[in-house]
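The primary structure of each chain is shown beneath.
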Amino acid sequence: MRPEEEVAEPANLRFLRRLVTVLTATMIGGLLLIIALIVTRFNDAPPDLPAEIALPGGAKAISFTQGPGWFAVVTDADEILIYDRITGQLRQSITIN
């Protein structure tokens, strides 16, 4: 057989090669999309946090969370203190049993 003569490729092998190429392109596109989403999320502005919070009775903060218009502090006295974000005033105090 001479090099100029090409052997016909079986149909299932041609289909498999195309399938692998399409799947590779899909995986690369998905990876680029995930990277783009991560980059855009980390470039967002961080949430505004209060500079200082005065806790009643000398309590110590254990954790902090916030929502739209409020933030909350969990204290070592098993209380959840909910403050107004704009005024900084205590809205509600919840005792944990």
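These remarks concern the structure in this document. Each chain carries its own residue numbering, running from 1 in the direction its sequence is written. A pLDDT threshold of at least 70 governs which residues receive local features in this predicted model, and a stricter bar of 80 or more applies before side-chain atom pairs are shown or counted, although totals over entire chains, interfaces and linings include all residues. The side-chain figures draw on all heavy atoms in the structure; neither hydrogens nor water molecules are used.

Quick notes on the overall build of the protein
Looking only at helices and strands, one finds 1 helix and 4 strands in the protein. The secondary structure listing takes helices from DSSP runs of H or I that are at least 4 residues long and strands from runs of E that are at least 2 residues long, numbered from the N terminus. Ordered by position from N to C terminus, the α and β elements of the protein give α-β-β-β-β. C-alpha atoms define the radius of gyration, and 2.2 Å times the number of residues to the power 0.38 defines the globule rule. Computed over its C-alpha atoms, the radius of gyration of the protein comes to 30 Å, more than 25% above the 13 Å expected for a compact globule of 97 residues. Principal-axis analysis of the C-alpha atoms places the extent of the protein at approximately 95 × 30 × 20 Å. Counting the 97 residues in the protein, one finds 10% classified as buried. Within the protein, contacts between residues separated by at least 24 positions form 8% of all contacts whose residues are at least 6 apart in sequence. Between buried and exposed lies partly exposed: a residue is buried under 20% and exposed over 50% of the maximum accessible area for its type, with that area taken using a 1.4 Å probe on protein chains only. Only heavy atoms enter the contact rule, under which two residues are in contact if any of them lie within 4.5 Å.

A closer look at the packing of aromatic side chains
Each pair of aromatic rings taken from Phe, Tyr and Trp, with Trp reduced to its six-membered ring, is defined by centres within 6.5 Å and is described as stacked if the planes are under 30 degrees apart, edge-to-face if over 60, and tilted in the remaining cases. For the structure on display, the rule yields 2 aromatic pairs. With a centroid separation of 5.8 Å and 35 degrees between ring planes, the pair formed by Phe64 and Phe71 is classed as tilted. Members of the aromatic cluster, connected to one another through ring pairs, are Phe64, Phe71 and Tyr83.

Digging into the sheet that holds strand E3 (residues 79-84)
Strands pair, by our definition, only if DSSP identifies at least two bridges between them. Ordered by their spatial adjacency, 4 strands build an open sheet running E1-E2-E3-E4, and the pairing between neighbours is antiparallel. Edge positions in the open sheet fall to strand E1 (61-67) and strand E4 (90-95), since each of these has one partner strand only. This sheet shows a mean twist of 20 degrees between the axes of neighbouring strands, independent of strand direction. With 5 bridges joining them, strand E2 (residues 70-75) and E3 adopt antiparallel strand pairing. The residue bridging Val73 from the neighbouring strand is Leu81, located in E3. What counts as an axis is a line fitted to C-alpha atoms, over the stretch in contact for a helix, and the angles between N-to-C directions run from 0 to 180 degrees.

Details of the pairing of E4
Bridge count between E3 and E4: 5 bridges; the pairing is antiparallel. When the bridges of E4 are listed, Ile82 appears paired with Gln92. Linking two consecutive strands that pair antiparallel, namely E3 and E4, is a turn of 5 residues; a positive phi of about 80 degrees is found at Gly88 within it.

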